[in-house]
Amino acid sequence: MPTDPSPRRRRRDPLAEALSLGRAHPTGQYRVDLRTGEWWWSEEIYLLHGLAPDSVTPSAGLLAQHKHPDDRDTVLRDLALLRTTGRPFSTSHRIVDARGRTKTVTVTGQARRDASGAVVEVIGMMIDTSAAHEDALRREVTRQVAVGLQDRAVVDQAKGVIMASHGLDPDGALDLLVVHASESSRRLPDVARELIDAIAAGGGLGGRAKDRVDACLAALEPGSVSRPGGAQLFRRKGAVTG
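Given the structure is predicted, the values throughout are model-derived calculations rather than measurements. (Residues numbered from 1 in each chain as written. Predicted model: local features only at pLDDT ≥ 70, side-chain atom pairs only at ≥ 80, totals over all residues. Heavy atoms only, no water.)

Student: What is the right way to look at the confidence of the model for the protein in this model?
Tutor: Detailed reading of the predicted model is not advised wherever pLDDT is low. On average, the protein scores 75 in pLDDT, and the residues at 70 or more come to 72%. Looking at the elements of the protein, mean pLDDT is at its lowest for helix α1 (residues 14–19), recorded as 51, and at its highest for strand β2 (residues 38–41), recorded as 94. Considering only residues more than four positions removed or in separate chains, one finds that residues 224–242, a stretch of pLDDT under 50, has 29 contacts. (pLDDT = per-residue confidence, 0-100. Helix = DSSP H or I, 4+ residues; strand = E, 2+ residues; numbered from the N terminus. Contact = heavy atoms within 4.5 Å.)

Encoded structure:
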């Protein structure tokens, strides 16, 4: 029987597509009996902590031992609040597993009540979100690097303008920019960008280049947010000349 050369198209399921977006995260379940203090962990939670399943007895103390030193008491505090209020929670913190690896996890919890309405059990999930956290951090670092490169480029461009108009060397041109950045409480790259924009809007340097640059720098208004010491980080030794 001849076969259809064209691949069959599966029916699209919008709900399935929406729920399948993004990275899959290792997820485990836990349960706490508040009447007995007994904990139960699924295999995944043991593995998240670098432990063999059922190799230890889960407990609040064991959970606390694996908390990152800077994130102590977060989950235990939320569990205590859930016990008294019955309100569900979701929190993120870091753990250090049995092999010394730091992981970022999200823990959720919700209450189960008895016939009298008292909270008798907490059930929830622990999700390893380390990969997502690292992805977000990597994107932020990439963004900061890109911004830094753009800032450096505009500062170098402004330095070139000042070198040409004032006859200064690169350090002297940078010092002049730093002085105006400090006086106007602006970031150095912002001052450089405003100078370049002002020169371009005026049709270039023209005949009286030094006066034009000085006028543009003098017209800078104080910034809305002061960053003390920000401009001084770029200052070089030596007096401003020109």
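Student: Is there a simple way to explain the packing of helix α6 (residues 170–184) against helix α7 (residues 188–201) in this structure?
Tutor: Each packed pair of helices is defined by two parameters, the angle between the axes and the distance between the axes. For the pair α6 and α7, interaxial distance at closest approach is 9 Å and the crossing angle is 105°. By the angle between their axes, α6 is roughly perpendicular relative to α7. From α6, Leu174, Leu177, Val178, Ala181 and Ser184 reach across to α7, where they touch Leu188, Val191, Ala192 and Leu195. Here the residues of the contact of α6 with α7 are counted per class, giving 8 nonpolar, 1 polar and no charged. (Axes fitted to C-alpha atoms, helices over the stretch in contact; angles between N-to-C directions. Parallel < 35°, antiparallel > 145°, perpendicular 65-115°, else oblique. Nonpolar A, V, L, I, M, F, W, Y, C, P; charged D, E, K, R; others polar.)

Student: Just checking my understanding: could you explain the pairing of strand β1 (residues 27–33) for this structure?
Tutor: Within a regular beta strand, the side chains point alternately toward one face of the sheet and then the other, so they alternate between its two faces. Of the pairings in the sheet, the one linking β1 to strand β5 (residues 119–128) comprises 7 bridges and is antiparallel in character. Within β5, the position partnered with Thr27 by the bridge is Ile127. Bridging between β1 and β2 involves 4 bridges; their strand directions are antiparallel. Within β2, the position partnered with Arg31 by the bridge is Trp40. (Pairing = 2+ DSSP bridges.)

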